[in-house]
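# Descriptive structure summary
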Amino acid sequence: MNGSDNLKKIYLGAVIVILTCLTACKQEQKPELDNNNNNNNQIIETSENNDSDIETESKTEPETEELQEIQSIHIDFSETDFNAHTFNDGKFDFVQIVNDDATCAEGNFSVENIDGNFLLKFTDLSTNAENLENAVQKICISVDKLLNPDQLESVFMIGFDSYALSKDNLNTESNIVISGKTVCANDEWYDFEDISDSSHVELKFTESSMRWDSSQENVNVIITRSGMQNISDWYLDNIIFYDQEGNTIPLNPSY
C-alpha cells in the first residue's frame, strides 16, 4: 500500500509540474502578442504620416512650378535699404492707378514674388498694338501715408526700383522715360527731371523753394512711364525717401 501511495504522489507531482509549465508558457506568449500589436500600430501611424507628406508635396508642387516660371525673368535686384518700402507685407493701399486722360493704361495692382523679392505689379489691361505708340502707365503714390507730416520737409529725393516685363517676351525697351510731378507747399506743381532707361529711379527736388512741408495734406507723387515699344507690365519696389545729405528717412506708414 505504501508503494502504491508513493507512485500516486509521484504521478500527481509530475502532472502539477507539467500544468505549471504550460501555464507559464501561455503567460509568456501574451506580452509577445501585445508587442506585435504595438508594432502594427506604429507602422500604421508611420504610413499615415507618409501619406500626409505625399499630400503636402503634391499641394506645394504647383506653387514650386509657378515660382520657377517667374524666376525665368532674371531681374538683377538692387540691395534693399532698411528704410525702404519693399511690399513684403503685401500691402499697396497707398498706391493708385491714374486714368486722367485717354492715353493712360487701365490695369490693376498685385504683389508678386520674383526670386524671393516681393514687387508691386501694374498689370496693363488696355495697351494694344493700336494704341501702343501713345500709351502711358501712370500711378499715384500717397506720400502722406508713408511719412509723418513733420518728415515731409526733410524729403529731398524719392527713389524706387522700376522693371518691366514684355507680354510678348520681346527685347528690353530702350526708350522708356519715367517722369514725376507733385504739388509743393506753395500749391504749385513741381515737375521732377525725367529719368531714362534706369532700373533705379531718383526724383529730386532741385529748387529749395519747391518742397513739401508739414502743413500740407494729401501729399502725392504722380509717376508716369512712357515710351513703351512693347506691350508690358510694370514692376516697382524699394520706395525710399532721402534727405538733403543722402540719408534715408524712416517710414511711418498709416495705410
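Preceding this section is the structure that the text describes.
The sections below set out a description of the structure shown in this document. All of these numbers come straight from a predicted model, not from anything done at the bench. (Residues numbered from 1 in each chain as written. Predicted model: local features only at pLDDT ≥ 70, side-chain atom pairs only at ≥ 80, totals over all residues. Heavy atoms only, no water.)

Note that soluble globular proteins tend to have their nonpolar side chains buried in a common cluster. Within the largest apolar cluster, 40 residues are counted, with the highest numbers of intra-cluster contacts made by Ile139, Trp212, Ile223 and Phe241. Secondary-structure elements contributing two or more residues to this core are strand E3 (117–124), strand E4 (137–142), strand E5 (157–166), strand E9 (200–204), strand E10 (220–226) and strand E11 (232–242). Considering every element that reaches this core, the biggest residue donor is E11, with four residues. Membership of the second largest hydrophobic core comes to five residues, among which are Ala84, Met157, Ile240 and Tyr242. (Core = buried A, V, L, I, M, F, W, Y, C linked by side-chain atoms within 4.5 Å. Buried < 20%, exposed > 50% of the residue type's maximum accessible area, 1.4 Å probe, protein only. Helix = DSSP H or I, 4+ residues; strand = E, 2+ residues; numbered from the N terminus.)

This brings us to the side chain of arginine 225. Structurally, arginine 225 can be placed in strand E10. Reaching out from arginine 225, the side chain makes a polar contact with the side chain of serine 232 at a distance of 3.3 Å. In this view, arginine 225 contacts Val136, Gln137, Ala164, Glu173, Ile176, Val177, Ile178, Ser232 and Trp234; residues no more than four positions away in its chain are not counted. (Polar contact = N/O pair within 3.5 Å; in protein donor to acceptor, adjacent residues only side chain to side chain. Contact = heavy atoms within 4.5 Å.)

Glancing now at the pairing of E5. The buried count for E5 comes to eight of ten residues, which makes it a mostly enclosed element. Two strands pair when backbone bridges link them, and E5 and E9 are joined in this way by five bridges, in the antiparallel orientation. Across the sheet, isoleucine 158 pairs through a bridge with leucine 203, a residue of E9. Of the pairings in the sheet, the one linking E5 to E11 comprises nine bridges and is antiparallel in character. Bridge pairing in E11 places glycine 159 opposite isoleucine 240. (Pairing = 2+ DSSP bridges.)

No statement about biological role is implied by the geometric values presented.
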